[in-house]
Amino acid sequence: QPRAPTHNTNSPKMAALARSSAKASVAAVAVKATNGSAAAMQVWKPKKQYENLSFLPELTDDEIMKQIDYMTSNGMTPCLEFEPDSNLGYVDRSFTSGASGTPGYYDNRYWLMWKLPMYGCTDSSEVIKEIAACKAEYPNAMIKCIGFDATRQMQVAGFLVQK
């Protein structure tokens, strides 16, 4: 059974003291959890989420090629998708259109496919060339590279190459 507080919390000074004491104990636990480094704690800042590793900074061509090499070495087929209107490329979970109120439903999930999937592609530089062609055609579009698994017949990997 929790015990009732023995101090007068109606007093503004006592209430402030109780709040600062509670904050100090929470901060002490957080600092202890990060091995004494309060600077290691981060605050999540809400922003539009675009799926596909969108929390990462823009990837360089070399980093993109490494991701594509990983996909192709694991039997995935690379494919490019794009969203010409960068205002629509993010995941919208406002439940305001379509199947309004349906659990798990969200808008802007499906993007346009750039050409066909690159069946049999094992050279990541070919995918980089297609990314460049898509960027030239749609300079303000959001572009992602996805990987299809032929066995499961579904998309199993993906990442943004242009935000």
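Along each chain, residue indices are assigned from 1 in the same order as the chain's sequence is written. In view of the model being predicted, local features appear only for residues whose pLDDT reaches at least 70, and side-chain atom pairs are presented and counted only at 80 or more, with totals across whole chains, interfaces and linings using the full set of residues. Side-chain numbers come from the whole structure's heavy atoms, not from hydrogens or water.

With that out of the way, let us pick up the sheet that holds strand β2 (residues 112-114). When DSSP finds at least two bridges between two strands, those strands are taken to pair. Strands are runs of DSSP state E lasting at least 2 residues, helices are runs of H or I lasting at least 4, and numbering of each runs from the N terminus. Strand order in the open sheet formed by four strands is β2-β1-β3-β4, with antiparallel pairing between adjacent strands. With one partner strand each, in any of the chains shown, β2 and β4 (154-162) form the two edges of the open sheet. On average, each strand axis in the sheet is inclined to that of its neighbour by 35°, with strand direction left out of account. Across the sheet, helix α2 (residues 61-73) is in contact with β1 (76-83), β3 (142-149) and β4; its angle to β4 comes to roughly 170°. Every residue pair with non-hydrogen atoms within 4.5 Å of one another is taken to be in contact. Only the stretch in contact is used when a helix axis is fitted, and all axes are lines through C-alpha atoms; the angle between N-to-C directions ranges over 0 to 180 degrees. Seen against the sheet, helix α3 (residues 124-137) touches β1, β2, β3 and β4 and runs at an angle of roughly 10° to β1.

All right, on to the packing of aromatic side chains then. Here a Phe, Tyr or Trp ring, Trp counted by its six-membered ring, pairs with any other such ring whose centre lies within 6.5 Å, and the pair is stacked when the planes are under 30 degrees apart, edge-to-face when over 60, and tilted otherwise. Scanning the entire structure with this criterion turns up three aromatic pairs. With a centroid separation of 6.0 Å and 75° between ring planes, the pair formed by Phe82 and Trp114 is classed as edge-to-face. Here the residue Phe82 occupies a position in strand β1, and Trp114 occupies one in strand β2, the gap between them amounting to 32 residues. For the pair Phe82 and Trp114, a shared accessibility class is recorded, and that class is buried. For the exposure calls, accessible area comes from a 1.4 Å probe over protein chains only, and a residue counts as buried if that area is under 20% of its type's maximum, exposed if over 50%, partly exposed in between.

Purely geometric stuff here, so don't read any function into it on its own.
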